[in-house]
Amino acid sequence: MIVSVIERFVGLSLSIPLLVLCMNIPLLIISWFWINREFTKYTIVAVLLTSVFMSIIPVKTVVTDPILAAMVGGVLHGTSVGITLNSDFSTGGLDIIGILVRKRTGKSIGSIFIAFNCTVHFLAGFIFGWQYAFYSVLAVFVSGKAVDFVNTKQQKVQILLVTDHSEALVPVLQADLKRGITVVNNVEGAFSKEEKKILFIVASKKDLGRLNQLIKTIDHQAFMSVSPGVTTNTNFYEW
């Protein structure tokens, strides 16, 4: 949109890959100081590769139906963004803004993408026409939903863990996962009549695989129950 606006009203034709690179510089600086430096290093690599591949890969028309193009493009874009965020880096741009806004509000990154991009595309509708603006809004909506579906790092779950070895488990889980744990003492198994403890943990869905591995190394007989769809305040650590 920015390239088209500048070309229409200023008469200056800009390279999209170069513009992507330049616009990401201030966002990467913000990410370095406000998000995570390791995250930013990998994001810099992703931004550079994005600019390079945008320059060398030719643009080809795959489908001509605008609705189909919007939906397929939205799924592909949202899936790719979700994979990068789930892998502790991003593709730059709105990803960084989304993370910062999520830290403040607790809203999902996909919903932040949808709100921001829909605003931009509705403004573009006044300049380029409403037909293409609505197609773009459809792509943005599909992309935002795909981001939230793929990015398991922002999906919270509540774990209820019944164990005989809480003294050994708690320090290991805290050191590895960096999650808070609430210990409930003096509970009894109805079948065995043995005293046990319950650990309550709120973690991201992405943590479940690692959590299960740690538990099995210490107490392979522990019982774990997982409840999805948990909502927490903004103190939940993600980055």
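Being a predicted model, the structure only gives us computed values, none of them experimental.

(A) View of the side chain of asparagine 151. Relative to the elements of secondary structure, asparagine 151 occurs in the loop between helix 7 (130-150) and strand 1 (156-163). Residue asparagine 151 is classed as buried on the basis of its relative accessible area, which comes to 1%.

(B) Up close: the sheet that holds strand 2 (residues 181-188). Strand order across the open sheet formed by 4 strands is 2-3-1-4, with antiparallel pairing between neighbours. Single-partner strands in this sheet number two, and they are strand 2 and strand 4 (223-228). Put simply, the sheet's adjacent strands are angled 20 degrees from each other on average, direction ignored. Here strand 1 runs beside strand 4; their pairing, made up of 6 bridges, is antiparallel. Across the sheet, valine 157 pairs through a bridge with proline 228, a residue of strand 4.

(C) Geometry of the packing of aromatic side chains. In the structure shown here, the tally under the stated rule is 5 aromatic pairs. Aromatic pair phenylalanine 122 and tryptophan 130: ring centres 6.2 Å apart, planes at 50 degrees, arrangement tilted. An angle of 75 degrees between the planes, with centres 4.8 Å apart, marks the rings of phenylalanine 126 and tryptophan 130 as edge-to-face. According to the relative accessible area criterion, phenylalanine 126 is exposed, its value standing at 65%. Exposure remark for tryptophan 130: the relative accessible area of 35% places this residue in the partly exposed category. Three or more aromatic residues joined by ring pairs form one cluster here, namely Phe122, Phe126, Trp130 and Phe134.

(D) Just helix 9 (residues 208-218), in detail. Considered for burial, the residues of helix 9 that qualify are Leu211, Leu214 and Ile215. Down the axis of helix 9, the buried side of the element spans an arc of 100 degrees, and every buried residue falls inside it. Projecting away from the buried face of helix 9 at angles above 90 degrees are the exposed residues Lys216 and Thr217.

(E) Here's a closer look at the pattern of salt bridges. Applying the stated criterion to the full structure yields 6 salt bridges. Close ionic contact of aspartate 207 with arginine 179 constitutes a salt bridge, the shortest N to O distance being 3.1 Å. With aspartate 207 in the loop between strand 3 (195-204) and helix 9 and arginine 179 in the loop between helix 8 (166-177) and strand 2, this residue pair connects regions lying 28 residues apart in the sequence. For the residue pair aspartate 207 and arginine 179, the accessibility class agrees, reading buried in each case. If you follow the salt bridges from partner to partner, you end up with Asp88, Lys153 and Lys206 in one network.

(F) Inspection of the side chain of threonine 43 at higher detail. Here threonine 43 is to be found in helix 3 (residues 37-56). Residues contacting threonine 43, with those up to four places away along its chain left out, are Leu28, Phe89, Ser90, Thr91, Gly92 and Ile96.

(G) The arrangement of the confidence of the model for the protein chain in detail. Here the protein chain averages 87 in pLDDT, while 91% of its residues score no lower than 70. Mean pLDDT in the protein chain bottoms out at helix 1 (residues 2-9), which sits at 60, and peaks at helix 4 (residues 66-86), which reaches 93.

(H) Structural view of helix 3. Helix length check: helix 3 (20 residues) gives 29 Å between terminal C-alpha atoms against 28 Å at 1.5 Å per residue, within 8%. For helix 3, the full list of buried residues reads Phe39, Thr40, Thr43, Ala46, Val47 and Ser51. Projection of helix 3 onto a plane perpendicular to its axis shows the buried side chains occupying an angular sector of 135 degrees, all on one side. Structurally, helix 3 contributes buried residues whose contacts are with helix 2 (16-34) and helix 5 (94-105). For helix 3, the side-chain oxygen to backbone nitrogen distance between the N-cap and glutamate 38 is 2.8 Å, and the N-cap itself is asparagine 36.

Thresholds applied
Residues numbered from 1 in each chain as written. Predicted model: local features only at pLDDT ≥ 70, side-chain atom pairs only at ≥ 80, totals over all residues. Heavy atoms only, no water. Helix = DSSP H or I, 4+ residues; strand = E, 2+ residues; numbered from the N terminus. Buried < 20%, exposed > 50% of the residue type's maximum accessible area, 1.4 Å probe, protein only. Pairing = 2+ DSSP bridges. Axes fitted to C-alpha atoms, helices over the stretch in contact; angles between N-to-C directions. Phe/Tyr/Trp six-rings, centres within 6.5 Å; stacked < 30°, edge-to-face > 60°. Arc of directions from axis to C-beta. Salt bridge = Lys/Arg side-chain N within 4 Å of Asp/Glu carboxyl O. Contact = heavy atoms within 4.5 Å. pLDDT = per-residue confidence, 0-100. Expected span 1.5 Å × (residues − 1). Polar contact = N/O pair within 3.5 Å; in protein donor to acceptor, adjacent residues only side chain to side chain.

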